[in-house]
Amino acid sequence: MDEVRSPENLEELTDRIAQLQQTLPKRLRQCADYILQNTHEIAFSTVAEISERANVQPSAVMRFCQVIGFGGYTDMQKLVRQTIQPKMPDYNERIQNLRESGDDSPTAILAEFVEAGRKSLEQLSATVNEASLEQAVETLAQAQLIHVVGMRRAYPVASYLSYAFEKLHIPSVLHGGGGRLTHAEAMREGDALVAITFAPYSPETIALADEAVSRGLPVILMSDSPSLPIKGTSLVPLIVSEIDFGAFRSLSATLSLAISLAVATGARRSR
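Predicted model only: the values in this text are computed from it and were never measured.

Novice: I tried to follow the layout of surface pockets on my own but got confused; where do I start?
Specialist: The gaps left among the atoms become clear once a water-sized probe is rolled over them. Within this model, the second largest pocket holds a volume of roughly 380 Å³. As for the second largest pocket, its lining consists of 16 residues, and the residues nearest its centre are Phe44, Gln77, Arg81, Tyr201 and Pro203. Of all elements in the fold, only α5 (73-84) and α10 (203-214) reach the threshold of two or more residues within the lining of the second largest pocket. Residue composition of the lining of the second largest pocket, grouped by class: six nonpolar, five polar and five charged.

Novice: Where do I start with the sheet that holds strand β3 (residues 192-196) in this structure?
Specialist: Within a sheet, each strand pairs with its neighbour through backbone hydrogen bonds, oriented either parallel or antiparallel. Taken together, five strands build an open sheet; the order of strands is β2-β1-β3-β4-β5 and the sheet is parallel. Each end of this open sheet is capped by a strand with a single partner; those strands are β2 (172-175) and β5 (235-239). The mean angle between the axes of side-by-side strands here comes to 20°, regardless of whether they run parallel or antiparallel. Here strand β4 (residues 219-223) pairs with β5 via five bridges, running parallel. Of the residues in β5, the one forming a bridge with Ile220 is Val236. Taken strand by strand, helix α9 (residues 155-167) contacts β1 (146-150), β2, β3 and β4, and its axis lies near 160° from that of β1. Strands in contact with α10 are β1, β2, β3 and β4; relative to β3, the strand with the most contacts, it is inclined by about 155°.

Novice: Which parts of the structure should I look at to understand the pairing of β2?
Specialist: Residues in a regular strand project their side chains so that they alternate between the two faces of the sheet. In the sheet, β1 pairs with β2 via four bridges, with the strands oriented parallel. Note on β2: the bridge partner recorded for His147 is Val173. The β-α-β motif built from β1, the intervening α9 and the parallel element β2 has right-handed crossover chirality.

Novice: Which parts of the structure should I look at to understand the side chain of His175?
Specialist: Relative to the elements of secondary structure, His175 occurs in strand β2. At 2.8 Å, the side chain of His175 and the side chain of His147 are in polar contact.

Novice: Is there a simple way to think about the nonpolar core in this case?
Specialist: For soluble globular proteins, nonpolar side chains are generally found buried alongside one another. Membership of the largest hydrophobic core comes to 43 residues, with the highest contact counts inside it found for Leu13, Phe64, Met76 and Val219. Not counting residues up to four positions away in its chain, the partners in contact with Met76 are Leu13, Ile35, Ile42, Cys65, Ile68 and Phe70. Core analysis: the next-biggest nonpolar cluster, separate from the first, contains 29 residues, Val137, Leu161, Val194 and Ile196 among them.

Novice: Looking at this structure, I do not really get the pattern of salt bridges. What am I missing?
Specialist: Opposite charge on two side chains makes pairing possible when the charged atoms of those side chains draw close. Here the structure, examined in full by the defined rule, presents eight salt bridges. Residues Arg268 and Glu134 are paired through a salt bridge, measuring 3.0 Å at the closest nitrogen-oxygen approach. With Arg268 in helix α11 (residues 252-269) and Glu134 in helix α8 (residues 130-142), the pair connects residues that are 134 residues apart, well separated along the chain. On the basis of relative accessible area, Arg268 is assigned to the buried category, the value being 18%. By relative accessible area, which is 41% here, Glu134 ends up partly exposed. Salt bridges sharing common partners tie together Glu115, Arg118, Lys119 and Glu122.

Novice: What am I meant to see in the packing of helix α1 (residues 10-20) against helix α2 (residues 26-37) here?
Specialist: Two measures define how a pair of helices packs: the angle their axes make with one another and the distance between the axes. One way to put it is that α1 packs onto α2 with a least axis distance of 10 Å and a crossing angle of 145°. Viewed along their axes, α1 and α2 form a crossing whose handedness is left-handed. Along the contact surface, α1 presents Thr14, Ile17 and Ala18, while α2 presents Ala32, Ile35 and Leu36. Here the contact of α1 with α2 is composed, by residue class, of five nonpolar, one polar and no charged.

Novice: What's the story with α10 in this structure? I'm lost.
Specialist: Residues separated by three or four positions in an α-helix point in the same direction, a consequence of the helix having 3.6 residues per turn. Between its first and last C-alpha atoms α10 spans 16 Å; for 12 residues at 1.5 Å apiece the expected length is 16 Å, and the two agree. Taken together, the buried positions of α10 are occupied by Thr205, Ile206, Leu208, Ala209, Ala212 and Val213. Looking straight down α10, one finds that the buried residues subtend no more than 165° of arc, so they occupy a single side. Taken from the residues just after α10, Gly216 is the one with a positive phi, measuring 80°.

Novice: What's the story with the environment of Arg215 in this structure? I'm lost.
Specialist: As for its position among the elements, Arg215 is in the loop between α10 and β4. Remark: the alpha-carbon pair of Arg215 and Glu189, spanning 26 residues in sequence, is separated by 8.2 Å. In this structure Arg215 touches Ala184, Glu185 and Met187, once residues within four positions along its chain are discounted. From its side chain, Arg215 meets the backbone oxygen of Met187 in a polar contact 2.8 Å long.

Novice: Would you mind going over the packing of helix α3 (residues 47-54) against helix α4 (residues 58-67) with me for this structure?
Specialist: Relative to each other, α3 and α4 sit at 100°, their axes nearing to 8 Å. In this view, α3 runs roughly perpendicular relative to α4, as classed from their interaxial angle. Counting all contacts with α3, which are made through Val47, Ile50 and Ser51, the residues of α4 involved are Pro58, Val61 and Met62. Looking at the contact of α3 with α4 residue by residue, the class counts come to five nonpolar, one polar and no charged.

Thresholds applied
- Along each chain, residue indices are assigned from 1 in the same order as the chain's sequence is written.
- Where totals are concerned, whole chains, interfaces and linings use all residues; where local detail is concerned, this predicted model gives features only for residues with pLDDT of at least 70, and gives and counts side-chain atom pairs only at 80 or more.
- Note that water and hydrogens are dropped before the side-chain values are worked out from all heavy atoms of the structure.
- Lining residues are those with an atom within 4 Å of a point, where the points come from a 1 Å grid over the protein atoms alone and group into cavities, where a 1.4 Å probe fits but cannot get out, or pockets, open sets with protein on both sides within 12 Å along at least five of seven lines.
- Grid points are joined across faces, edges and corners, and a volume is the space filled by probe spheres set on the points.
- The helix count covers DSSP runs of H or I at least four residues long, the strand count covers runs of E at least two residues long, and both are numbered beginning at the N terminus.
- Under this grouping Gly is polar, as are all residues other than the nonpolar Ala, Val, Leu, Ile, Met, Phe, Trp, Tyr, Cys and Pro and the charged Asp, Glu, Lys and Arg.
- Here the rule is simple: two strands pair whenever DSSP picks up at least two bridges between them.
- To obtain an axis, a line is fitted to C-alpha atoms, over the contacting stretch when the element is a helix, and the angle between two such axes runs from 0 to 180 degrees between their N-to-C directions.
- Any two residues whose heavy atoms approach within 4.5 Å are treated as being in contact.
- The path from the first strand over the helix to the second decides the hand: if it runs clockwise while the strands point away from the viewer, the crossover is right-handed.
- Whenever a nitrogen or oxygen atom comes within 3.5 Å of another N or O atom, the pair is scored as a polar contact, on the condition that within protein one atom can donate a hydrogen and the other can accept it, and that pairs from neighbouring residues in sequence are kept only if both atoms are in side chains.
- Grouping buried Ala, Val, Leu, Ile, Met, Phe, Trp, Tyr and Cys residues that are joined through side-chain atoms within 4.5 Å yields what is termed a nonpolar core.
- Partly exposed describes any residue whose relative accessible area lies between the buried limit of under 20% and the exposed limit of over 50%, with all areas from a 1.4 Å probe on protein chains only and scaled to the type maximum.
- Here, a salt bridge means any side-chain nitrogen of Lys or Arg that lies within 4 Å of a carboxyl oxygen of Asp or Glu.
- Left-handed describes a crossing in which the near helix is turned anticlockwise from the far one by less than a right angle; the clockwise case is right-handed.
- Helix span is expected to be 1.5 Å times the residue number reduced by one.
- When we speak of the arc, we mean the arc of directions from the helix axis to the C-beta atoms.
- Angular relationships are summarised with four words: roughly parallel below 35 degrees, roughly antiparallel beyond 145, roughly perpendicular across 65 to 115, and oblique for the angles in between.

Structure follows, in structure tokens:
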């Protein structure tokens, strides 16, 4: 029997599942039914989570992946992630593109980033969800300890937010990734987590947020897409997007949202 070629994009994946759906054994058909209806969840869910939602054993999910042509679950997850998160050019490519366009003088670059920042701030002001912002501030005002996490591009925002909390005398702790330690056990009942992550989402940030949600702790998630990488009733989303220049994105709007969150929380706690 020839080896089944793995799907190369989301359309091929869904077509493959639809073709095989009615020929699969009961448990694998349950996997097919669930994944066809919730394909994007694969990007940010574990095998255990998908198996629970599909009401099958994790081994059934793994077998399903193999039947449709993947080596395992992580291969299918990688395909879904790549589809919903188009690859950004690397930094060398971005610089080369600027040179070719003639926009690489310091003055031109500054002017472009100022304009991108202005547009980002105007967009934030017009689109911020006031109910979510109010809920986030009230949640943080009631928290005994605020945990803050943000990796990669989000790290400057997380560290700035933690600095602001410190200066406002608000108990908080900044989580890092040193030694691959998450310090998840430091989260206790009565605490809250502020998680900051942008596509492609940081696995460490998502893991800590998922852990907080599983414990029923409130999570304030600052992200750039309404298609959130985590789910939960204790989740409060704050969506903020940045206008880019040459595929480079500043943090003008995100930092403004962060300091607004800190100052509003400080004001609410002092009542």
